[in-house]
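# Structural overview
The chain contents come next:
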Amino acid sequence: MIEVSNLTKRFGRVLAVEDASFSAQPGRVTGFLGPNGAGKTTTLRAIVGLLQPTSGSATVLGKPYRALDQPSRCVGAVLETSNFHPGRSGRNHLRVLAVAAGIPRSRAEDVLKLVELDDAAGRRVRGYSLGMRQRLALAGALLGEPDVLVLDEPANGLDPAGIRWLRDLLRSAAAEGRTVLVSSHVLGEVSQLADDVVIINRGRLVTQSTVAEVTAGGDRTRVRSPDVTRLREAVAAAGLVDREAGTDALVVEAAPARVGELAAAKGIVLHELVAEKATLEEAFLELVGGGG
Amino acid sequence: MTGLVLSELLKLRTIRAPLGLALAVIVVSGLAVAATVGADALESSSRELDIADAAEVSSILAMILGILLVTNEYRHGTITPTFLVAPARERVLTAKLIAAGIAGVLIGCLAALVAFAIAIPWLATDGDSLGGGDTQVAVLRLVGSFALAALIGVAVGTLIHSQIGAIVAAFAWFLVVEPLVWGLGELVDWSLRPYLPGSALDALVSTDDELLSAPSGLLLSLAYVGVLFAAGTLLTLRRDAD
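Scope of this entry: the structure provided in the associated data block. (Residues numbered from 1 in each chain as written. Chains lettered and ligands numbered in written order. Predicted model: local features only at pLDDT ≥ 70, side-chain atom pairs only at ≥ 80, totals over all residues. Heavy atoms only, no water.)

### Focus on unusual backbone geometry
Both trends apply: most residues other than glycine have a negative phi, and most peptide bonds are in trans. Residue and element names in this part refer to chain A. For clarity, the threshold we go by: Only DSSP runs of H or I covering at least 4 residues are called helices, and only runs of E covering at least 2 are called strands; the numbering of each starts at the N terminus.
Positive phi, close to 55°, is recorded for Asp19, a residue that is not glycine. Examined against the element boundaries, Asp19 turns out to sit in strand β2 (residues 14–24). The residue Arg202 is not glycine, and still its phi comes out positive at about 45°. Residue position: Arg202 is located in the loop between β8 (196–201) and β9 (204–210).

### Some words on the sheet that holds β8 of chain A
Residues and elements named next belong to chain A. Test applied: Paired strands are those between which DSSP finds at least two bridges. Lines are fitted to the C-alpha atoms to define the axes, a helix being fitted only along its stretch in contact, and any angle between axes, read from their N-to-C directions, falls within 0 to 180 degrees. Contacts are residue-level and defined by heavy atoms, with any inter-residue pair within 4.5 Å sufficient.
The sheet built from 6 strands is open, its strands ordered β5-β6-β7-β3-β8-β9 with mixed pairing. Each end of this open sheet is capped by a strand with a single partner; those strands are β5 (75–78) and β9. Across the sheet, the axes of successive neighbouring strands diverge by a mean angle of 15°, strand direction being ignored. Sheet analysis places strand β6 (residues 148–152) next to strand β7 (residues 179–184), joined by 5 bridges and oriented parallel. Looking across to β7, one finds that Val150 is bridged to Leu181. Across the sheet, helix α5 (residues 130–142) lies against β5 and β6, angled at about 165° from β5, the strand it touches most.

### Considerations on the sheet that holds strand β1 (residues 2–11) of chain A
Where strands meet in a sheet, backbone hydrogen bonds hold them as pairs that are either parallel or antiparallel. Residues and elements named next belong to chain A. With respect to topology, 3 strands assemble into an open sheet ordered β2-β1-β4, the strand pairing being antiparallel. The sheet terminates laterally at β2 and β4 (55–60), the two strands that pair on one side only. Averaged over all pairs of adjacent strands, the angle between their axes in this sheet comes to 20°, without regard to strand direction. Packing against the sheet, helix α1 (residues 40–47) makes contact with β1, β2 and β4, and its axis sits at approximately 120° to β1.

### Here we look at the packing of aromatic side chains
The line we're drawing: What counts as a ring pair is set by centres within 6.5 Å for rings of Phe, Tyr and Trp (its six-membered ring), and what kind of pair is set by the plane angle: stacked under 30 degrees, edge-to-face over 60, tilted for all other angles. A ring has a charge above it when a Lys NZ or an Arg CZ is no more than 6 Å from the ring centre and no more than 35 degrees off the ring normal.
Counted by the stated rule, this structure contains 1 aromatic pair over all chains. The positively charged end of Arg135 of chain A is found above the aromatic ring belonging to Trp165 of chain A, 4.5 Å away from the centroid.

### Points about the interface of chain A and chain B
The criterion, for reference: For this document, the term salt bridge refers to a Lys or Arg side-chain nitrogen within 4 Å of an Asp or Glu carboxyl oxygen. Put simply, Ala, Val, Leu, Ile, Met, Phe, Trp, Tyr, Cys and Pro go in the nonpolar bin, Asp, Glu, Lys and Arg in the charged bin, and everything else, Gly too, in the polar bin.
Taken residue by residue, the interface counts 32 residues in chain A and 23 residues in chain B. Between the two partners, chain A and chain B, sit 0 salt bridges. Contributions of two or more residues to the side of chain A that touches chain B are made by β1, α2 (71–74) and α3 (90–101) of chain A. If one sorts the elements of the side of chain A that touches chain B by residue count, α3 of chain A sits on top with 8 residues. Looking at the side of chain A that touches chain B residue by residue, the class counts come to 15 nonpolar, 9 polar and 8 charged.

### Considering the packing of helix α6 (residues 89–125) of chain B against helix α7 (residues 133–159) of chain B
All names here are of chain B. Heads up, the rule is: With the far helix as reference, a near helix turned anticlockwise by less than a right angle produces a left-handed crossing, and one turned clockwise produces a right-handed crossing.
Contact geometry of α6 with α7 gives a least axis separation of 7 Å together with a crossing angle of 145°. Regarding α6 and α7, the two cross each other, and that crossing is right-handed. Partitioning the contact of α6 with α7 into residue classes produces 18 nonpolar, 5 polar and 1 charged.

### Let's talk about helix α10 (residues 214–238) of chain B
Residues and elements named next belong to chain B. Which entries qualify depends on this criterion: Given the number of residues in a helix, its expected span is that number minus one, multiplied by 1.5 Å. Exposure is judged per residue with a 1.4 Å probe applied to protein chains only, and the accessible area is read against the type maximum: over 50% gives exposed, under 20% gives buried, and values in between give partly exposed.
Across its 25 residues, α10 extends 36 Å between first and last C-alpha, which sits within 8% of the 36 Å expected from 1.5 Å per residue. Among the residues of α10, those classed as buried are Ala214, Gly217, Ser221, Val225, Phe229, Gly232, Thr233 and Thr236. Check the buried side of α10 and you find it contacts α4 (59–76), α5 (79–85), α6, α7 and α9 (197–202).

### Considerations on the pairing of β5 of chain A
Residues and elements named next belong to chain A. Neither face of β5 is open: one carries Val75 and Ala77, the other Gly76 and Val78, and all of them are buried. The pairing of β5 with β6 spans 4 bridges and is parallel. Residue pairing across strands places Val78 opposite Leu151, the latter belonging to β6.

### Brief notes about the pairing of β8 of chain A
When a strand is regular, its side chains alternate between the sheet's two faces. Residue and element names in this part refer to chain A. Counting buried residues in β8 gives 6 out of 6 residues, a clear majority hidden from the surface. By the alternation rule, side chains of β8 split into Asp196, Val198 and Ile200 and Val197, Ile199 and Asn201, which are all buried. Where strand β3 (residues 29–33) and β8 come together, 4 bridges link them in parallel fashion. Bridge pairing links Leu33 to Ile199 in β8.

### Describing the pattern of salt bridges
Residues and elements named next belong to chain A. One pass over the structure, following the stated rule, counts 17 salt bridges over all chains. Here Arg135 makes a salt bridge to Glu116, at a shortest N to O gap of 3.6 Å. Here Glu116 lies in the loop between α4 (106–114) and α5 and Arg135 lies in helix α5, a separation of 19 residues in the sequence. Assessed through its relative accessible area of 14%, Arg135 is described here as buried.

### What to know about the packing of helix α3 (residues 47–55) of chain B against α7 of chain B
Residue and element names in this part refer to chain B. The condition is simple: The cut-offs work like this: below 35 degrees is roughly parallel, past 145 is roughly antiparallel, 65 to 115 is roughly perpendicular, and the gaps in between are oblique.
With their axes 8 Å apart at the nearest point, α3 and α7 run at an angle of 20° to one another. With respect to their mutual orientation, α3 and α7 come out roughly parallel. As α3 runs across α7, the sense of the crossing is right-handed. Between α3, through Glu48, Leu49, Ala52 and Ala55, and α7, the contact on the second element is made entirely by Asp134, Thr135, Ala138, Arg141, Leu142 and Phe146. Looking at the contact of α3 with α7, its residues break down into 6 nonpolar, 1 polar and 3 charged.

### Quick look at the side chain of Lys96 of chain B
All names here are of chain B. The residue Lys96 is located in helix α6 in this model. Judged by relative accessible area, which is 1%, Lys96 ranks as buried. Filtering out sequence-adjacent residues up to four positions away, Lys96 remains in contact with Glu8, Lys11, Leu69, Val70, Glu73 and Val154.

### Topic: the side chain of Thr221 of chain A
Residues and elements named next belong to chain A. Threshold: Counting of polar contacts relies on pairs of N or O atoms within 3.5 Å, with two restrictions inside protein: one atom must be capable of donating a hydrogen and the other of accepting it, and residues adjacent in sequence are counted only when both atoms are side-chain atoms.
In this fold, Thr221 is placed in strand β10 (residues 221–224). Classification of Thr221 by relative accessible area gives buried; the value is 0%. There is a polar contact of 2.5 Å between the side chain of Thr221 and the backbone oxygen of Ala254. Discounting residues that sit within four places of it in the chain, Thr221 has contacts with Leu250, Val251, Val252, Ala254, Ala255, Pro256, Val259, Leu273, Val274, Ala275 and Glu276.

Written out as structure tokens, the structure is:
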């Protein structure tokens, strides 16, 4: 459980986050979305106590991060991909963290296996690819078997197989009842992964809701016909809104059944009749007002 | 706290720089002692202390080790996971201070070992014998000066997070500014000179009458560590971690 209340963070004259309030619930993956520079990283760093909010608060499991008794056992965080000494091996990086947190060193081996990095564990991080560094950072977050995961763009640098692996890992973490808050600017990733979304733009919260709600919108049908002019007249006569989609197709704001019935009544031949769902990307662009 | 100190020691053991610094201490102190003994420059009342004084030249490397222990974290961004594991930053910095003290003692022992491994047999061939109580005191003082230098390094690092900045500042102060003040002192006679940090540190192993006594030098050096470290810790607590 993560709760952000009226969080504001100002860096000099720049207002990075302004009065943001949202929460991330246990057992769910919450996608934290926003264009570059929207204030995602600032918010996440405030949640884990690395930044002092100018006003407002962020709590994890009901407490400010710095007040947690054993933070590594409560919260695992991945904030940047490059938080490693290049001359230290992946295994030793994890041991350093484990010893500081009072976690048995053997746990380093467990998480190395979990992130499929055990083969490279003895090598210096200098030689790691971006994807391997992401996995190592994730291994560090998982050391204390925390109930809450806070991840900033964890899919950066992962190949498609890695992204799929990450998705499965985070889904199963949520299925075990953990709270997962994951930021991203790649919307396709999030729509397949998240249950809830929090959208932030220029430091302000745009919306918090479920992915289903954000992408629901109204019924929409894509229809293709050799006689698109007559079809258009029939749609307009029924009082429906449409827009052209190529020379022989329309997108109509109605369910496929309704469009099909209209065409049948007028004896219009159809070549295609498909229900269209708004994608998270469309919903997102609409909410943050275009290009971002 | 024990876990944090062990973690800091593990940080030093799992990178190469401390090993390189230790080797440099062996070479630099070894050469300095050989030069002093070879030049027959052991004239003061305590030849043991003169040898320690020569070996102490590399204590600046212990200071750099202390600086690295803090500034490496900022340079490579590992300060983020470090503060995530232990959000009480003053505890992390205190652990670094303790770990640096331990590392300073170890490097100091290395310097002492090299110094007397060179000096004792060398002087023995001339019929001189070293060893006994005076040697033990000299070794103790030498080791203490290395430990103190490492503590000062940590304190400097907490104040100056930039690695290059902190190292340049330490070199500039201890190797340029203070010697210059002493050099100019011939002209301006400045009675505060023995109270400068480098001079206080030197007092531990020096027989120079112009410096403070060893106990006074020790206390003053500790005071410098305390003030710098407290200021650096306050800064670290108030700043955002990056």
